[in-house]
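Now for the letters of each chain:
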Amino acid sequence: MKSLEPNILLAVTTLVALVLLVMTASVFGESGQTLKYVILAAVCIPALVVGNGFLAKRSSRASPAMVSREAPATAVWAAIVPGLVMLFALVPVLFGGFDYGLLVIIGAVLAGVTVESAIKANRKG
């Protein structure tokens, strides 16, 4: 069985944590904000991936994927990203009743970074 790419696993884990953040923000935040949180998460990720790709080509810079097989310690450092998004998901539970749109945007940007890393690793080989 072929092993899965670690960057893809990182992206999937971060996306699951983002779904958890959207759910907790919808349940414990201001009422009637669910659609806004879903749209924010769904728009921010592709916007970041497309925007970063455009700017990288324009400035002719190439950044590596977040997790590389040559440096196994990068996997440990990259695991901070989904953990941070999960901590963001805890905030609405502890401090309910507010608008958590900014937390959803930050979580979506972090998820977008991991998705972009998975795309780079997939293209690389």
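Small disclaimer: the values here were computed from a predicted structure and weren't measured.

So, how was this worked out
Residues numbered from 1 in each chain as written. Predicted model: local features only at pLDDT ≥ 70, side-chain atom pairs only at ≥ 80, totals over all residues. Heavy atoms only, no water. Helix = DSSP H or I, 4+ residues; strand = E, 2+ residues; numbered from the N terminus. Contact = heavy atoms within 4.5 Å. Areas by Shrake-Rupley, 256 points an atom, 1.4 Å probe, with all protein chains shown as cover. Lys, Arg positive; Asp, Glu negative; His and termini not counted. Charge placed at Lys NZ, Arg CZ, Asp CG, Glu CD. Salt bridge = Lys/Arg side-chain N within 4 Å of Asp/Glu carboxyl O. Buried < 20%, exposed > 50% of the residue type's maximum accessible area, 1.4 Å probe, protein only. pLDDT = per-residue confidence, 0-100. Core = buried A, V, L, I, M, F, W, Y, C linked by side-chain atoms within 4.5 Å. Expected span 1.5 Å × (residues − 1). Axes fitted to C-alpha atoms, helices over the stretch in contact; angles between N-to-C directions. Parallel < 35°, antiparallel > 145°, perpendicular 65-115°, else oblique. Nonpolar A, V, L, I, M, F, W, Y, C, P; charged D, E, K, R; others polar.

A. Region of interest: the overall build of the protein. Of the regular secondary structure elements, the protein holds 5 helices and 0 strands. The linear arrangement of helices and strands in the protein, starting from the amino end, is α-α-α-α-α. By its C-alpha atoms, the protein is 45 × 35 × 25 Å across when sized along the principal axes. By sequence separation, contacts in the protein at least 24 residues apart represent 82% of the contacts at least 6 residues apart. When the accessible surface of the protein is summed, it comes to about 7700 Å², and 73% of that surface belongs to carbon and sulfur atoms. Positive and negative side-chain charges of the protein, numbering 9 and 5 respectively, have mean locations separated by a distance of 12 Å.

B. Region of the structure containing the pattern of salt bridges. On inspection of all chains with the given rule, the structure shows 1 salt bridge. For aspartate 99, the salt bridge goes to lysine 36, with nearest N and O atoms at 2.7 Å. Within this pair, whereas aspartate 99 is found in the loop between α4 (80-94) and α5 (101-124), its partner lysine 36 is found in helix α2 (residues 34-58), the two being separated by 63 residues in sequence. Assessed through its relative accessible area of 39%, aspartate 99 is described here as partly exposed. The class of lysine 36 is partly exposed, set by a relative accessible area of 32%.

C. Molecular detail of the confidence of the model for the protein. In this model, the protein carries a mean pLDDT of 92, and residues with pLDDT of at least 70 account for 97%. Confidence, expressed as mean pLDDT per element, reaches its minimum in the protein at helix α3 (residues 73-78) with 89 and its maximum at α4 with 97.

D. Expanded view of the environment of valine 91. In this structure, valine 91 sits in helix α4. Relative accessible area serves as the criterion here: at 28%, valine 91 is assigned to the partly exposed category.

E. Quick look at the nonpolar core. Core analysis: the largest hydrophobic core is formed by 21 residues, its most contacted members being Leu18, Leu21, Tyr37, Ile45 and Val104. At the level of secondary structure, the elements contributing two or more residues to this core comprise α1 (6-28), α2, α4 and α5. Isoleucine 45 has contacts with Leu15, Leu18, Ala108, Ala111, Gly112 and Val115, leaving out every residue within four places of it along the chain.

F. Fine view of the side chain of serine 117. Relative to the helices and strands, serine 117 resides in helix α5. Those residues in contact with serine 117 that sit more than four places away from it in its chain are Asn7, Ala65, Met66 and Val67.

G. Looking closely at α1. Over its 23 residues, α1 runs 33 Å from end to end, which matches the ideal 33 Å to within 8%, given 1.5 Å per residue. Among the residues of α1, Asn7, Leu10, Ala11, Thr14, Ala17, Leu18, Leu21, Val22, Thr24, Ala25 and Ser26 are the ones counted as buried. In this structure, the buried side of α1 is in contact with α2, α3, α4 and α5.

H. Structural detail: the packing of α1 against α4. Interhelical geometry of α1 versus α4 gives an angle of 5° and a closest axis separation of 8 Å. Between α1 and α4, the angle falls in the class roughly parallel. Side by side, α1 and α4 meet where Leu10, Thr13, Thr14, Ala17, Leu18, Leu20, Leu21, Thr24, Ala25 and Phe28 of the first sit next to Val81, Pro82, Val85, Met86, Phe88, Ala89, Pro92 and Val93 of the second. Residues that form the contact of α1 with α4 fall into these classes: 15 nonpolar, 3 polar and no charged.

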